[in-house]
Amino acid sequence: MPRKDDLRQVDAMCRRHRMTPEQERRFRRLLHDLKAASEGGTANDRGDFTWDELDAVASEFMTGE
């Protein structure tokens with residue numbers, strides 16, 4: 001079964017920001033926590049992030065690293 005589009009988008013964002021495997025794990029956890037706290041993105045009713053929203057979260061995450 002092919003990987004879902006939203007997961008491929010997160011994969012691409014992690015590569016774009018050159019995250020280490022540990023950073024990627026923590027970033028994915030952050031996204032999960034944001035969605036669980038109803039602070040997710042606006043791409044759909046599940047709270048998936050648009051590319052721009054995901055990039056903003058990734059940039060902020062990497063600044064704090």
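Now for a description of the structure that goes with this document. Only a predicted model underlies this, so the values are computations on that prediction, with no experimental measurement involved.

Rules of the game
- Residues numbered from 1 in each chain as written.
- Predicted model: local features only at pLDDT ≥ 70, side-chain atom pairs only at ≥ 80, totals over all residues.
- Heavy atoms only, no water.
- Helix = DSSP H or I, 4+ residues; strand = E, 2+ residues; numbered from the N terminus.
- Rg over C-alpha atoms; globule rule 2.2 N^0.38 Å.
- Buried < 20%, exposed > 50% of the residue type's maximum accessible area, 1.4 Å probe, protein only.
- Contact = heavy atoms within 4.5 Å.
- Areas by Shrake-Rupley, 256 points an atom, 1.4 Å probe, with all protein chains shown as cover.
- Lys, Arg positive; Asp, Glu negative; His and termini not counted.
- Charge placed at Lys NZ, Arg CZ, Asp CG, Glu CD.
- Axes fitted to C-alpha atoms, helices over the stretch in contact; angles between N-to-C directions.
- Parallel < 35°, antiparallel > 145°, perpendicular 65-115°, else oblique.
- Left-handed = near helix turned anticlockwise from the far one by under 90°.
- Nonpolar A, V, L, I, M, F, W, Y, C, P; charged D, E, K, R; others polar.
- Salt bridge = Lys/Arg side-chain N within 4 Å of Asp/Glu carboxyl O.

Digging into the overall build of the chain
(1) Moving on: The secondary structure content of the chain amounts to three helices and zero strands.
(2) Moving on: Reading the secondary structure of the chain in the N-to-C direction produces α-α-α.
(3) Moving on: On C-alpha atoms alone, the chain measures out to a radius of gyration of 11 Å, which is about the 11 Å that the 2.2 N^0.38 rule sets for 65 residues.
(4) Moving on: Considered along the principal axes of its C-alpha atoms, the chain spans approximately 30 × 30 × 20 Å.
(5) Moving on: With 65 residues in all, the chain has 31% of them scored as buried.
(6) Moving on: Put simply, 50% of the contacts in the chain that link residues at least 6 apart link residues at least 24 apart.
(7) Moving on: As presented, the chain carries roughly 4600 Å² of accessible surface, and 50% of it is formed by carbon and sulfur atoms.
(8) Moving on: A distance of 6 Å separates the average location of the 12 positive side-chain charges in the chain from that of its 14 negative side-chain charges.

Side note on unusual backbone geometry
(1) Moving on: In this structure, Arg18 takes a positive phi of about 50 degrees despite not being glycine.
(2) Moving on: Mapped onto the elements, Arg18 comes out in the loop between helix H1 (5–16) and helix H2 (21–36).
(3) Moving on: Within the chain, Ser38 stands out as a residue other than glycine whose phi angle is a positive 60 degrees.
(4) Moving on: Tracing the chain through its elements places Ser38 in the loop between H2 and helix H3 (51–63).

What to know about the packing of H1 against H3
(1) Moving on: Between H1 and H3, whose axes approach to 10 Å, the crossing angle comes to 40 degrees. As far as their axial angle goes, H3 and H1 are oblique. For the element pair H1 and H3, the recorded crossing hand is right-handed. In this structure, H1 contributes Gln9, Val10, Ala12, Met13 and Arg16 to the contact, and H3 contributes Trp51, Leu54, Asp55 and Ala58.
(2) Moving on: By residue class, the composition of the contact of H1 with H3 is six nonpolar, one polar and two charged.

Remarks on the pattern of salt bridges
(1) Moving on: Across all of its chains, the model carries ten salt bridges by this definition.
(2) Moving on: In this structure, the salt-bridge partner of Arg28 is Asp11, at a minimum N-O distance of 2.3 Å. One end of the pair, Arg28, is in helix H2; the other, Asp11, is in helix H1, and 17 residues separate them in sequence.
(3) Moving on: Overall, the relative accessible area of 23% leaves Arg28 in the partly exposed class.
(4) Moving on: Relative accessible area serves as the criterion here: at 17%, Asp11 is assigned to the buried category.
(5) Moving on: The shortest N-O distance in the salt bridge between Asp48 and Arg46 comes to 2.5 Å.

Interpretation note: all reported values are geometric properties and have no functional meaning in isolation.
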